[in-house]
Amino acid sequence: MLNKGIQRTRNYAGLGYNSRPFCVAIEPMPATARAQPNIALIKYWGKRDSHRNLPAVGSISITLADLFTTMRVEFDDSLRDDLLIVNGRANEEMLPRIRRCLDRVAGAHRHPARIDSASNFPIAAGLASSASAFAALVVAADAAAGQKHDTAHLARLAGSASGSAARSLYGGYAELENSGDDIAVRCLRSAADWPLRVVVAITALGPKPVGSTAAMEISRKTSPFYSRWVEQQPLDLAEAGNAIAERDFAKLAAIAEHNCLKMHSVMWGSRPPMIYWNSVTLACMQAVRELQSQGVAVFFTIDAGPQVKAICESADESRVRDAFAATSGVKDVLASGLGDGAALIAND
Ligand code: PMV
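Everything in this summary refers to the structure shown in the same document. This structure is a prediction, so every number in the text was calculated from the model and none was measured. Throughout this document, residue positions are counted from 1 along each chain, in the order its sequence is written. Under the rules for a predicted model, residues below a pLDDT of 70 receive no local features and side-chain atom pairs below 80 are neither given nor counted, while totals for whole chains, interfaces and linings still include all residues. Where side-chain values are given, they derive from all heavy atoms of the structure, hydrogens and water being excluded.

Scanning the protein from terminus to terminus reveals eight helices and 18 strands. Expressed as lengths along the three principal axes of its C-alpha atoms, the size of the protein is roughly 75 × 45 × 40 Å. Three labels apply to residues, based on accessible area from a 1.4 Å probe with only protein chains included: buried if under 20% of the type maximum, exposed if over 50%, partly exposed otherwise in between. Counting all 348 residues of the protein, 51% fall into the buried class. Under the convention used here, a 1.4 Å probe and the Shrake-Rupley method define accessible areas, while residue burial counts only the protein chains that appear. Carbon and sulfur atoms make up 52% of the accessible area of the protein, which amounts to about 15,200 Å² in all. Just so you know, the count uses Lys and Arg for positive and Asp and Glu for negative, and it drops His and the chain ends. By convention, the charge on Lys lies at NZ, on Arg at CZ, on Asp at CG and on Glu at CD. Distance between charge centroids for the protein: 3 Å, based on 37 positive and 35 negative side chains. Numbered from the N terminus, helices here are DSSP runs of H or I no shorter than four residues, and strands are runs of E no shorter than two.

This part is about the site of the ligand. The local shell around the ligand holds 14 residues, among which Ala 40, Tyr 44, Ser 164, Arg 167 and Ser 212 are the closest. Interatomic distance of 2.6 Å between a side-chain N/O atom of Ser 164 and an oxygen atom of the ligand. Counting of polar contacts relies on pairs of N or O atoms within 3.5 Å, with two restrictions inside protein: one atom must be capable of donating a hydrogen and the other of accepting it, and residues adjacent in sequence are counted only when both atoms are side-chain atoms. One nitrogen or oxygen atom from the side chain of Ser 212 is found 3.1 Å from an oxygen atom belonging to the ligand. Here the term charged refers only to Asp, Glu, Lys and Arg, the term nonpolar to Ala, Val, Leu, Ile, Met, Phe, Trp, Tyr, Cys and Pro, and the term polar to all other amino acids, Gly among them. Of the residues that constitute the shell around the ligand, the class distribution is six nonpolar, five polar and three charged. If a single non-hydrogen atom of a residue is within 4 Å of a molecule or strand, that residue counts as near it.

Attention now moves to the pairing of strand β3 (residues 31-35). For β3, the tally of buried residues reaches four of five residues, placing the bulk of the element in the interior. Whether two strands pair comes down to DSSP finding at least two bridges between them. Where β3 lies against strand β8 (residues 69-75), five bridges are found, and the strand directions are antiparallel. Note that in β8 the partner of Arg 34 across the bridge is Thr 70. In terms of strand pairing, β3 meets strand β18 (residues 343-346) through three bridges, oriented antiparallel.

On to the pattern of salt bridges. Salt bridges are identified by distance alone: a Lys or Arg side-chain nitrogen within 4 Å of an Asp or Glu carboxyl oxygen. Using the criterion set out here, one finds 20 salt bridges in the structure. In this structure, Arg 186 engages Glu 175 in a salt bridge whose closest nitrogen and oxygen atoms are separated by 3.0 Å. Taken together, the residues Arg 186 in strand β13 (residues 185-189) and Glu 175 in strand β12 (residues 173-176) connect sequence positions 11 residues apart. Classification of Arg 186 by relative accessible area gives partly exposed; the value is 41%. The class of Glu 175 is buried, set by a relative accessible area of 12%.

The next subject is the packing of helix α5 (residues 226-246) against helix α6 (residues 249-268). Angular values range over 0 to 180 degrees, each being the angle between N-to-C directions of two axes fitted as lines to C-alpha atoms, with helices fitted over their stretch in contact. Taken N-terminus to C-terminus, the directions of α5 and α6 make an angle of 160°; their axes are 9 Å apart at the nearest point. When the axes of α5 and α6 are compared, the pair comes out roughly antiparallel. Both α5 and α6 take part in a crossing whose hand is left-handed. Contact with α5, carried on its side by Tyr 226, Trp 229, Gln 232, Gln 233, Asp 236, Glu 239, Ala 240, Asn 242, Ala 243, Ile 244 and Glu 246, involves Lys 251, Leu 252, Ile 255, His 258, Asn 259, Lys 262, Met 263 and Val 266 of α6 and no other residues of that element. Tallied by class, the residues present in the contact of α5 with α6 amount to nine nonpolar, five polar and five charged. Oblique is the label for every angle not falling under 35 degrees (roughly parallel), over 145 degrees (roughly antiparallel), or within 65 to 115 degrees (roughly perpendicular). Here is the rule for handedness: rotate from the far helix to the near one, and if that takes an anticlockwise turn smaller than a right angle the crossing is left-handed, while a clockwise turn gives right-handed. Contacts are residue-level and defined by heavy atoms, with any inter-residue pair within 4.5 Å sufficient.

Next up on the list: the nonpolar core. Within the largest apolar cluster, 44 residues are counted, with the highest numbers of intra-cluster contacts made by Val 73, Phe 75, Leu 102, Ile 115, Leu 137, Val 138 and Leu 169. Broken down by secondary-structure element, the contributors of at least two residues to this core are β3, β8, β9 (83-86), α1 (95-106), β11 (113-119), α2 (129-144), α3 (151-161) and β12. In contact with Leu 137, other than residues within four places in its own chain, are Met 71, Val 73, Ile 98, Cys 101, Leu 102 and Ile 115. With 34 residues, the next largest nonpolar core counts Ala 56, Val 57, Met 267 and Leu 291 among its residues. What makes a nonpolar core is a set of buried Ala, Val, Leu, Ile, Met, Phe, Trp, Tyr and Cys residues whose side-chain atoms join them at distances within 4.5 Å.

Two cysteines whose sulfur atoms are joined by a covalent bond form what is called a disulfide. Cysteine sulfur atoms are paired as a disulfide whenever they fall within 2.5 Å. With the rule as written, the count across this model stands at zero disulfides. Here Cys 260 is not cross-linked by a disulfide; its sulfur's nearest cysteine counterpart is in Cys 284, at 13 Å.

Taken N-terminus to C-terminus, the directions of helix α7 (residues 279-293) and helix α8 (residues 317-325) make an angle of 140°; their axes are 10 Å apart at the nearest point. With respect to each other, α7 and α8 are oriented oblique. Of the two elements, α7 crosses α8, and the hand of that crossing is right-handed. Along the contact surface, α7 presents Cys 284, Val 288 and Leu 291, while α8 presents Arg 319, Val 320, Ala 323 and Phe 324. Class assignment for the residues of the contact of α7 with α8 results in six nonpolar, no polar and one charged.

Shown next, in the form of structure tokens:
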């Protein structure tokens, strides 16, 4: 028998208290959630338990406001199999990971699901699209299954699919911890508390050459810098945590750039080496250095992709945008404030 927890009873009779017994019908309840990507300032790179997807290091991120993924999930026993539509097109490639995540949320005996995903920014290009996708997926699937799990539980489910997705359940400044026996995230500061801006230079489009799960394993097994990276991370986390508590931009800038370059050094030192940058990535880093030398409070960070994210205060945003737009080879410039965690936006 299939799990009927994915269906919900609804009162159609409209009868009030003390009237005849309610006339009820069972119907599936599609649900839609929205989640924003997050950008790590102190990076997650490496797993201590790849089976359970537990990180080898803690990480700190900021959740964006203006880039987002909207995910609609509907369990439907008339479907023969799960169906994933990404930005209007059937997608087979992502389906196995999505399916495993749905099984964890709604149970392996759930009905097949139709999943519609749409993002307003390039996916699989180092802009944390899997973080927003899995964060939105767990929130939508939980509601579509008629459940009401709390954020900590949903973060564990999202994090078991994509480590960084756990952080997108939370808004503002979030820390994915590397302690205990499960995935745990805590909010360090709200977005409104310290409303920094993020300007993204798109330097290339198209999927990354090596996915982060495989790349992390290559780093762990082959990079001579990996063990030092893991060893030093608590110091970087503490320094960034203090900078965020004190809203000390210069301190946060210094530790975030250091941590980003250290993560890429681990990748560069791996065999085979993993170099996600291109010449435009370097030109954008140079543009940030140039702004810094002119006294602009800005710093860069780069993930497993060629895009450069510059973090600044709102007063400096237009200078940063202009500098990226003027950098030869930049394909597009996006900007966002900091926002809230994943949220359910419809459930009927
Ligand atoms: O969550 P994953 O498996 O996509 O890995 C994320 C890795 C980085 O984006 C490079 C760093 C991070 O902390 O987000």
